[in-house]
Structure formats: structure tokens, C-alpha cells
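Reading the structure
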Amino acid sequence: MCKAWDDHKKLGIQEGMKQGIQQGMKQGMQQGRLFEIYLSVQEGDYSAKRGAEKAEMTLDEFEKAMSKAGYKIPELV
């Protein structure tokens, strides 16, 4: 292969890796934010309704996602 093609290929691979890392970091931060919201609801810092608002989900979606992630919604007394 010619050097120009090799250089182009390497540049493409590097750009793809850079985009993948950025996307992974963004997803990780979003997931971390959700886990913090789940924990705050579980510990009673705020209601499931408020948690759903902060997570930009419906209450039903939020409760399902929270449960799937291993968190528990506190019982109302």
C-alpha cells in the first residue's frame, strides 16, 4: 500500500477512537448522574416524582429504571 493510504487509515482510526472515548465519557457521566439521583431518592432526599423530573423521565419509567439499577424506592409512611 502507499504511504498516503496508510496515513489516511491511521488518521481515521485515531479519529474513531477519539470519538468513541468522548461518547463513552458522555454516557458514563449520564449514568453517574442517574445513579446519584437514584441514591438521593432511595435515601429520601427527595421524592420519586422529583427524581423522575430531574432524570427527565415519566414516573413509571424512572421507577422501572431505578429498580433495574438495583435501587429501591422508599415506602411512603
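Above this text is the structure in question.
A brief report on the enclosed structure follows. The shown structure was predicted, so the numbers you read here are calculated from the model rather than taken from an experiment. Numbers given for residues are sequential positions, taken from 1 along each chain in its written order. Only residues with pLDDT of 70 or above have their local features reported here, since the model is predicted, and side-chain atom pairs are shown and tallied only from 80 upward, although totals for entire chains, interfaces and linings are computed over all residues. The side-chain figures draw on all heavy atoms in the structure; neither hydrogens nor water molecules are used.

1. A short note on the overall build of the protein
Numbering of helices and strands runs from the N terminus; a helix is a DSSP stretch of H or I covering at least four residues, while a strand is a stretch of E covering at least two. Looking only at helices and strands, the protein features three helices and zero strands. Listing every helix and strand of the protein by position from the N terminus yields α-α-α. Each radius of gyration is computed over the set of C-alpha atoms, and the globule rule expresses the reference value as 2.2 Å times the number of residues to the power 0.38. A globule of 77 residues ought to have a C-alpha radius of gyration of about 11 Å, yet the protein, at 20 Å, is considerably larger. Referenced to the eigenvectors of the C-alpha coordinate spread, the extents of the protein come out at roughly 75 × 20 × 20 Å. A burial count over the protein gives 13% of its 77 residues as buried. Contact definition: two residues touch when any of their heavy atoms are within 4.5 Å. A separation of at least 24 residues holds for 38% of the contacts in the protein among residues at least 6 apart in sequence. In short, Shrake-Rupley with a 1.4 Å probe defines the accessible areas, and a residue's cover is counted only from the protein chains shown. Just so you have it, the protein exposes about 6,300 Å², and 56% of that area is on carbon and sulfur atoms. His is not counted here, nor are the chain ends, while Lys and Arg score as positive and Asp and Glu score as negative. Working definition for charges: the position is that of NZ of Lys, CZ of Arg, CG of Asp or CD of Glu. Seen as two clouds, the 12 positive and the 12 negative side-chain charges of the protein have centres 7 Å apart. Exposure classes here rest on a 1.4 Å probe applied to the protein chains alone. A residue is buried below 20% of its type maximum, exposed above 50%, and partly exposed in between.

2. Considering the packing of helix α1 (residues 3-42) against helix α2 (residues 48-55)
In this analysis an axis means a line fitted to C-alpha atoms, helices contributing only their contacting stretch, and an angle means the value between N-to-C directions, from 0 to 180 degrees. One can describe the packing of α1 onto α2 by two numbers: an axis separation of 9 Å at closest approach and a directional angle of 170°. Compared by their axis directions, α1 and α2 come out roughly antiparallel. On α2, the residues that touch R33, L34, I37 and V41 of α1 are A48, G51, K54 and A55. For this scheme, ten residues count as nonpolar: Ala, Val, Leu, Ile, Met, Phe, Trp, Tyr, Cys and Pro. Four count as charged, namely Asp, Glu, Lys and Arg, and the remainder, Gly too, count as polar. Per-class residue counts for the contact of α1 with α2 are five nonpolar, one polar and two charged. With respect to orientation, any angle under 35 degrees is reported as roughly parallel, any angle over 145 as roughly antiparallel, any angle of 65 to 115 as roughly perpendicular, and every other angle as oblique.

3. With respect to the side chain of S40
By the secondary structure assignment, S40 is in helix α1. Residues contacting S40, with those up to four places away along its chain left out, are D45 and Y46.

4. Structural notes on the packing of aromatic side chains
Note on ring pairs: Phe, Tyr and Trp rings are taken, using the six-membered ring of Trp, and paired if centres are within 6.5 Å. Classes follow the plane angle, with under 30 degrees stacked, over 60 edge-to-face and the rest tilted. Enumeration according to the criterion identifies four aromatic pairs in this entry. Seen in terms of ring centroids, F35 and Y71 are 6.0 Å apart; in terms of plane orientation they differ by 40°. Their pairing is tilted. Within this pair, whereas F35 is found in helix α1, its partner Y71 is found in the segment after α3 (59-68), the two being separated by 36 residues in sequence. By relative accessible area, F35 is classed as partly exposed at 33%. Of the aromatic side chains, those joined through ring pairs into one cluster are F35, Y38, F62 and Y71.

5. Observations concerning unusual backbone geometry
For E56, which is not a glycine, the phi torsion comes out positive at approximately 55°. Within the secondary structure, E56 sits in the loop between α2 and α3. By relative accessible area, E56 is classed as exposed at 75%.

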